[in-house]
Each structure stands twice: as C-alpha cells, then as structure tokens.
Amino acid sequence: QVQLVEHGGGLVQAGGSLRLSCAASGSIFSINAMGWYRQAPGKQRELVAAITSGGSTVYADSVKGRFTISRDNAKNTVYLQMNSLKPEDTAVYYCNAERVAGEITYDYWGQGTQVIVFS
C-alpha cells in the first residue's frame, strides 16, 4: 500500500503561483512514477504532469511552460510548481503514484487539493 498526502492548494489571482506537494509513505520502494491529475467540475480527470523514478517528465499541453513537476526521492515527495495560473486551471488536483509489483501495476491517489484561480 502507498499513502499520499497533498498540501498546497488554495485561492490565487490569475497570473499568480502555487506550489503543490505530495508526500508518499508505505510501500514506496516500488513506486515507478508519480504525477498530478486534475478534475474540474463537469469534466473528466486529466493528467497534468508526471515524473518517473528516473526523472523523465511529461506534461499536458495546456500547462507546458507554466508548470514544473519535480521529485525529491530522499523525502519521497513530488512537487508541482504552478506559475502564470489561469482561471481554467481551477480544479481539484490529485496526486497519483504508480507502483509496480511483478506483472501488476497499482494506482494510488491522494485525497485531492482544491485550486481556485480567479481573474
């Protein structure tokens, strides 16, 4: 099992910045990748950014150049630095961890943290 605890959401004016963090505990030794997803009201959950244990990253086109995902392996924590925020970034942001055990891949989710960007 993997437990994920998120921090850092809040209310910010458009153009501002927020930093989300997600600390993992439990069976962290087999975590392959961690990432951030978001879900806006009435919309499906979508990938925002992800980072592998080797440091490879992927971003949604809508956040490229504005968001940066990073990982501190010593602290088992992943961060999402969000700059130049837009109202359309408003959503509940969820931390995700992908753990591989043999042939099986498990997905774990945090509780979600609300981000509201107002203009």
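This text gives an overview of the structure that appears in the document. Remember, predicted model here, so these are calculated numbers, not experimental data. Residue indices begin from 1 for each chain and proceed along its sequence in written order. The model is predicted, so local features are restricted to residues of pLDDT at least 70 and side-chain atom pairs to those at 80 or more, both for listing and for counting; the totals for chains, interfaces and linings are taken over all residues. Side-chain numbers come from the whole structure's heavy atoms, not from hydrogens or water.

## A look at the sheet that holds strand β1 (residues 2-7)
Two strands qualify as a pair provided that DSSP identifies no fewer than 2 bridges between them. We count a stretch as a helix when DSSP gives it H or I for four or more residues in a row; a strand needs E for two or more, and each element gets its number in order from the N terminus. The strand order across the open sheet built from four strands is β1-β3-β8-β7, with neighbouring strands paired in antiparallel fashion. For this open sheet the edge positions go to β1 and β7 (67-72), each flanked by a neighbour on one side alone. Strand-to-strand twist in this sheet, taken as the mean axis angle between neighbours without regard to direction, amounts to 15 degrees. One ladder, built from six bridges, connects strand β3 (residues 18-26) with strand β8 (residues 77-82); its direction is antiparallel. Bridge pairing links L20 to L80 in β8. Each axis is a line fitted through C-alpha atoms, and for a helix only the stretch in contact is used; angles between axes span 0 to 180 degrees, taken between their N-to-C directions.

## Quick look at the state of the cysteines
Cysteine sulfur atoms that pair up within 2.5 Å are treated as a disulfide. The full count for this structure, using the stated rule, is one disulfide. Shown here is the disulfide that connects C22 with C95, its sulfur atoms set 2.0 Å apart. Here the disulfide of C22 and C95 is left-handed, its torsion about the S-S bond being about -85 degrees. Taken as a pair, C22 in strand β3 and C95 in strand β9 (residues 91-101) lie far apart in primary sequence, 73 residues in all. Buried means the residue's accessible area, taken with a 1.4 Å probe over protein chains only, is under 20% of the maximum for its type, while exposed means over 50%, and partly exposed covers the values in between. For C95, a relative accessible area of 0% puts it in the buried group.

## Structural notes on the nonpolar core
With 29 residues, the main nonpolar core has L4, M34, W36, L80, M82 and Y93 as its most contacted residues. Residue assignment for this core shows that the elements contributing at least two residues are β1, β3, β4 (31-39), β5 (46-52), β7, β8, β9 and β11 (113-118). Note on definitions: a residue-residue contact is assigned when non-hydrogen atoms from the two residues lie within 4.5 Å. When near neighbours in sequence (up to four residues on either side) are disregarded, M82 contacts G16, S17, L18, L20, R66, F67, Y93 and V115. The set of buried Ala, Val, Leu, Ile, Met, Phe, Trp, Tyr and Cys residues whose side-chain atoms join them within 4.5 Å is what this entry labels a nonpolar core.

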